[in-house]
Amino acid sequence: MPMIEAQTELDAVNAMLLSIGQAPVSTLSVSGITDVNIARTLLKTAARRCLAKGWNFNTDDEYEITPNASGYCLVPSGALSVDASSSSPNLVQRRAPIGSMCFYNKDDSTFIFTAPITTKIIWGFDFEDLPEVARNYIATYAGRRFQSRVIGSQILDRFEEEDERYAWVLLQTEERRSADTNMFRRSPFLQSFGDRSY
């Protein structure tokens, strides 16, 4: 049985082009088409903005960073946000003398580490490495801004605002489902009511 394929970056850009009445393109490797370049830029900006919030699908809560041979703990490529766990010393990110972004121990005034550090990392995945609900929200969000910048139609903006709101609700719902968040199970106060045996 044929299956519906997940949205690609090309699909998202073509949807953005169609929203302003432009013909779709067959590849994103074309150069010189201004609207395609604008759409791709806005799509990447929307993805970065959405992912920076930190979702269950792009966050590692206990990610260990091991010092390299010189003792530097490099900030991983593709990380939008890296925060040392509370058990770590007072760490910040700084450009090290080696030219890369590394962790810096403010308490000891050093870039050099002798043991791994535990961090919480929010990753900036590529569009096609995201769950479909995230792709849909990002494409809708970017499409609305694209239409607003290129055409500026208030009528179209209202329709696209509804689409964006619906895509946001779907993304939030999927986040709660995948993170298994439930106000009754996660709240110690509400849990106490469920534990009563009378």
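Above this note sits the structure.
What you are looking at is a predicted structure, and each value in this text was computed from that prediction instead of being measured.

When helices and strands are tallied, the chain shows 6 helices and 5 strands. Each helix and strand of the chain, placed in order from N terminus to C terminus, yields the pattern α-α-β-β-β-β-β-α-α-α-α. Taking all 198 residues of the chain together, 35% fall into the buried category. Accessible surface for the chain amounts to roughly 12,400 Å². Of this, 51% is attributable to carbon and sulfur atoms.

This part takes up a negative patch on the surface. Taken together, Glu5, Asp11, Asp126, Glu128, Asp129 and Glu132 make up a surface patch of like negative charges. Within the fold, Glu5 resides in the segment before helix H1 (9-18).

Here the structure, examined in full by the defined rule, presents 7 aromatic pairs. Centroid distance Trp55 to Trp168: 5.6 Å. Interplanar angle 75°. Geometry classified as edge-to-face. Residue Trp55 is found in the loop between helix H2 (34-51) and strand S1 (59-65), and its partner Trp168 is found in helix H4 (residues 154-178); the two are separated by 113 residues along the sequence. Relative accessible area serves as the criterion here: at 1%, Trp55 is assigned to the buried category. Since its relative accessible area comes to 30%, Trp168 is described here as partly exposed. Plain terms: the ring middles of Tyr63 and Trp123 are 5.3 Å apart, the flat faces sit at 80° to each other, and that makes the pair edge-to-face. On the criterion of sequence distance, the pair formed by Tyr63 in strand S1 and Trp123 in strand S5 (residues 117-123) is long-range, its members being 60 residues apart. For Tyr63, a relative accessible area of 30% translates into the label partly exposed. Since its relative accessible area comes to 12%, Trp123 is described here as buried. Counting every residue linked through ring pairs, the aromatic cluster contains Trp55, Phe57, Tyr137, Tyr141 and Trp168. The residue whose ring lies beneath Lys53 is Trp55, and the NZ or CZ to ring-centre distance is 4.4 Å. Just above the ring of Tyr141 sits the side chain of Arg145; from NZ or CZ to the centre is 3.6 Å.

Within the secondary structure, Arg135 is located in helix H3 (residues 132-150). Here the side chain of Arg135 touches Phe127 through a polar contact of 3.4 Å, landing on its backbone oxygen. Setting aside residues no more than four positions away along its own chain, Arg135 makes contact with Ala6, Gln7, Thr8, Phe127, Glu128, Asp129 and Leu130.

Definitions and limits used
Residues numbered from 1 in each chain as written. Predicted model: local features only at pLDDT ≥ 70, side-chain atom pairs only at ≥ 80, totals over all residues. Heavy atoms only, no water. Helix = DSSP H or I, 4+ residues; strand = E, 2+ residues; numbered from the N terminus. Buried < 20%, exposed > 50% of the residue type's maximum accessible area, 1.4 Å probe, protein only. Areas by Shrake-Rupley, 256 points an atom, 1.4 Å probe, with all protein chains shown as cover. Patch = residues over 30% accessible without salt bridge, like charges linked within 9 Å, V, L, I, M, F, W, Y side chains within 5 Å. Salt bridge = Lys/Arg side-chain N within 4 Å of Asp/Glu carboxyl O. Lys, Arg positive; Asp, Glu negative; His and termini not counted. Charge placed at Lys NZ, Arg CZ, Asp CG, Glu CD. Phe/Tyr/Trp six-rings, centres within 6.5 Å; stacked < 30°, edge-to-face > 60°. Lys NZ or Arg CZ within 6 Å of the ring centre and 35° of its normal. Polar contact = N/O pair within 3.5 Å; in protein donor to acceptor, adjacent residues only side chain to side chain. Contact = heavy atoms within 4.5 Å.

The values reported here are purely geometric and, on their own, carry no functional implication.
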